[in-house]
Amino acid sequence: MSAQTDQVTHVQNIRYDKAAEALYIIDQTLLPNEEKEIRLDTAEQMFDAIKLLKIRGAPAIGICAGYCMYVLARQIPAGSAEVFYARLAEYGKYLDSSRPTAVNLSWAVKLMLETAKENLAQPRAALLETLYQKAVWIHQDDIAKCTAISEYGLSLLHEGDGILTHCNAGPLATSRYGTGQGPLFLAAERGMKIHVFSDETRPLLQGARLTSYELYRAGVDVTLICDNMASMVMKNGWVQACFVGCDRVAANGDAANKIGTSGVAILAKHYGIPFYVLGPTSTIDMNCPTGADIPVELRNPDEIKTMWYEKPMALPGVKCYNPAFDVTDHSLIAGIVTEKGICRAPYTESLAALFTEKR
């Protein structure tokens, strides 16, 4: 693999400097024109970084949340174990409220709180070190999971395939290879020739700003298209599979992902193209029966009207509906690719088996 490809595949979107006790992330709102690290010190900075998409992608948000909880734990004044835990729980609730759809955020916060509760009897220094090691574990665990997901996803690809993807589920949204885009990077690394069509992904343009940026710099043959061009490239026979990430998967296999994903799945079904959802088991919420139970975040209308324009593209009084996600029905999904393998319908059985079988 070339140095250029290695640089992109292993981009450090989240970095904790233990010597300086400082948490850094790449501000994804500045990409692709500027790659800049910012430091997160306060709960307000952390909340805004997640809410304003400076850090985004369900697994990346979970990783970031783990380190955030450690940083905030260090800031709690010395005192009783009960007061320490109560304050850390307040921080966790605050961070968890920044993005309601991605389950990895609440998963990581809960894991850090459980770790704190189990170790409250330790001296303060030992407790903080335990929390730091748990945050590192969350990060390393995601790297291992993304690598495994990429391997399983690669098994679904063939030489010369055209792949359509929506939003961004590469290294910037996760760690190392990524989920939805992970097999594409792995294919390039191993010399498999594929071609990727990247939906621009309105209104936040993650496909244009991030996915095409990552793939192009990694040497992957990528073509950027507007979201409403997906039907045309499918009809032309240029797409053999669709790969997307996910922010939450319900127990029945319904999957929430960036707005527009369900439309891609419907088109793929019409044209007989397999549609795959890729994500770690931490994204599967077995306490959420169906997609109807997944909360969908509504975002600022200015993301549609003004965010990417020199002048507003709609009158100030025009109403906007701006859901961040939609839910793809399980009947449209050919397979859900996890670090433990590829799940197939019926998903109520195959997803449940992930949490009961020894693998």
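Up top is the structure.
Residues numbered from 1 in each chain as written. Predicted model: local features only at pLDDT ≥ 70, side-chain atom pairs only at ≥ 80, totals over all residues. Heavy atoms only, no water.

This part takes up the overall build of the protein chain. If you tally the helices and strands in the protein chain, you get 12 helices and 14 strands. For the protein chain, the C-alpha radius of gyration of 20 Å lies close to 21 Å, the compact-globule estimate for 359 residues. Expressed along its principal axes, the backbone C-alpha trace of the protein chain runs to roughly 65 × 55 × 45 Å. Considering the protein chain as a whole, with its 359 residues, one finds that 56% of them fall into the buried category. (Helix = DSSP H or I, 4+ residues; strand = E, 2+ residues; numbered from the N terminus. Rg over C-alpha atoms; globule rule 2.2 N^0.38 Å. Buried < 20%, exposed > 50% of the residue type's maximum accessible area, 1.4 Å probe, protein only.)

Further remarks concern the pattern of salt bridges. This model, assessed by the stated rule, comprises 14 salt bridges. Note that Arg 217 and Glu 35 form a salt bridge whose closest N and O atoms lie 3.4 Å from each other. Here Arg 217, found in helix H8 (residues 206-217), pairs with Glu 35, found in the loop between strand E2 (22-26) and strand E3 (37-40); they are 182 residues apart in sequence, far enough to count as distant. Classification of Glu 35 by relative accessible area gives partly exposed; the value is 44%. Residues Arg 99 and Glu 297 are paired through a salt bridge, measuring 2.6 Å at the closest nitrogen-oxygen approach. One end of the pair, Arg 99, is in the loop between helix H4 (81-96) and helix H5 (103-118); the other, Glu 297, is in the loop between strand E11 (284-285) and helix H11 (302-305), and 198 residues separate them in sequence. Several salt bridges converge on common partners, so that one network encompasses Lys 51, Arg 99, Glu 297, Arg 299 and Glu 303. (Salt bridge = Lys/Arg side-chain N within 4 Å of Asp/Glu carboxyl O.)

The next subject is the sheet that holds strand E12 (residues 325-328). Across the sheet, which stays open at both edges, the four strands sit in the order E11-E8-E9-E12 with mixed pairing between neighbours. In this open sheet, the two edge strands, each paired with only one partner strand, are E11 and E12. For strand E8 (residues 248-250) and E11, the ladder comprises two bridges, and the chain directions are parallel. Among the inter-strand pairings, Ala 250 is bridged to a residue of E11, identified as Asp 285. Strands strand E9 (255-258) and E12 of the sheet are contacted by helix H10 (residues 261-271), whose axis makes an angle of about 30 degrees with E12. (Pairing = 2+ DSSP bridges. Contact = heavy atoms within 4.5 Å. Axes fitted to C-alpha atoms, helices over the stretch in contact; angles between N-to-C directions.)

Between helix H2 (residues 43-51) and H4, the shortest axis-to-axis distance is 9 Å and the interhelical angle comes to 25 degrees. Considering the angle they form, H2 stands roughly parallel to H4. Classified by chirality, the crossing of H4 by H2 is right-handed. Where H2 abuts H4, its residues Ala 43, Glu 44, Met 46 and Phe 47 lie against Tyr 91, Tyr 94 and Leu 95. (Parallel < 35°, antiparallel > 145°, perpendicular 65-115°, else oblique. Left-handed = near helix turned anticlockwise from the far one by under 90°.)

So, about the packing of aromatic side chains. Pairs of aromatic rings are described using the distance from one ring centre to the other and the angle between the two planes. Throughout the structure, instances matching the rule amount to seven aromatic pairs. Judged by centre distance (5.6 Å) and plane angle (85 degrees), the rings of Phe 243 and Tyr 276 are edge-to-face. Placement of Phe 243 in strand E7 (residues 241-244) and of Tyr 276 in strand E10 (residues 275-278) is noted, with a sequence separation of 33 residues between them. Neither Phe 243 nor Tyr 276 differs from the other in exposure class; each is buried. Grouped by ring-pair contacts, the aromatic residues Tyr 16, Tyr 67, Tyr 70 and Tyr 132 constitute a single cluster. The cationic tip of Arg 87 hangs over the ring face of Tyr 91; the distance from NZ or CZ to the ring centre is 4.1 Å. Positioned over the ring face of Phe 355 is Lys 340, at 5.9 Å from the centre of the ring. (Phe/Tyr/Trp six-rings, centres within 6.5 Å; stacked < 30°, edge-to-face > 60°. Lys NZ or Arg CZ within 6 Å of the ring centre and 35° of its normal.)

Generally speaking, a soluble globular protein has its nonpolar side chains buried in company with each other. Judged by nonpolar contacts, the single largest core of 43 residues is most densely connected at Ile 14, Tyr 67, Leu 88 and Leu 131. Listed by contribution, the elements that provide at least two residues to this core are strand E1 (14-17), E2, E3, H2, helix H3 (58-75), H4, H5 and helix H6 (124-154). Among the elements that line this core, the one with the most residues is H3, at 12 residues. With sequence-adjacent residues up to four places away left out, Leu 88 is seen in contact with Met 69, Ala 73, Ile 76, Leu 113, Ala 116 and Leu 131. Within the second largest apolar cluster, 26 residues are counted, among which are Ala 255, Ala 265, Ile 273 and Ile 333. (Core = buried A, V, L, I, M, F, W, Y, C linked by side-chain atoms within 4.5 Å.)

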